[in-house]
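Next come the chains, spelled out residue by residue.
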Amino acid sequence: LVLEEWIVEQLGQLYGCGEEEMPEVEIDIDDLLDADSEEERALKLREALVDCYKPTEEFIQELLSRIRGMRKLSPPQKKTV
């Protein structure tokens with residue numbers, strides 16, 4: 001949740017508007033975590049931000065840094081005895 005709030009705040013700065021006026025930008029954290037490499041994650045982010053007129057590299061690198069330590073949440077595994 002903290003990461004999602006940070007993303008919304010950063011997108012507001014990149015697009016120079018409040019959350020209400022922001023264009024539809026989809027950044028799926030689970031999708032990024034499923035990517036096979038940092039390069040693939042960065043490419044997905046660049047594609048999502050293609051309409052942004054401000055430089056996005058700093059945002060992309062910071063987001064990649066923040067998700068690097070995360071793991072996709074999966075349901076707990078049942079233990080068999």
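The shown structure was predicted, so the numbers you read here are calculated from the model rather than taken from an experiment. (Residues numbered from 1 in each chain as written. Predicted model: local features only at pLDDT ≥ 70, side-chain atom pairs only at ≥ 80, totals over all residues. Heavy atoms only, no water.)

Things to note about the overall build of the chain
The helix and strand tally for the chain stands at 4 helices and 0 strands. The order of α-helices and β-strands along the chain, N terminus first, is α-α-α-α. Relative to its full complement of 81 residues, the chain shows a buried share of 32%. Residue pairs in contact within the chain that sit at least 24 positions apart in sequence constitute 55% of those at least 6 positions apart. Accessible area for the chain stands at about 6,300 Å²; split by element, carbon and sulfur atoms hold 49% of it. (Helix = DSSP H or I, 4+ residues; strand = E, 2+ residues; numbered from the N terminus. Buried < 20%, exposed > 50% of the residue type's maximum accessible area, 1.4 Å probe, protein only. Contact = heavy atoms within 4.5 Å. Areas by Shrake-Rupley, 256 points an atom, 1.4 Å probe, with all protein chains shown as cover.)

Overview of a negative patch on the surface
A grouping of Glu24, Glu26, Asp28 and Asp30 is seen on the molecular surface, where their side chains present a negatively charged patch. Here Glu24 falls in the exposed class, since its relative accessible area comes to 77%. (Patch = residues over 30% accessible without salt bridge, like charges linked within 9 Å, V, L, I, M, F, W, Y side chains within 5 Å. Salt bridge = Lys/Arg side-chain N within 4 Å of Asp/Glu carboxyl O. Lys, Arg positive; Asp, Glu negative; His and termini not counted. Charge placed at Lys NZ, Arg CZ, Asp CG, Glu CD.)

Side note on the nonpolar core
Counting 21 residues, the largest nonpolar core has Ile7, Leu11, Tyr15, Ile27, Phe59, Leu63 and Ile67 as its most contacted members. Those elements giving two or more residues to this core turn out to be helix H1 (2-15), helix H2 (29-34), helix H3 (38-48) and helix H4 (57-67). Sort the elements by how many residues they give to this core and H1 lands first, with 6 residues. Ignoring sequence-local partners within four residues, the contact set of Phe59 consists of Trp6, Ile7, Gln10, Leu11, Leu14, Ile27 and Leu49. (Core = buried A, V, L, I, M, F, W, Y, C linked by side-chain atoms within 4.5 Å.)

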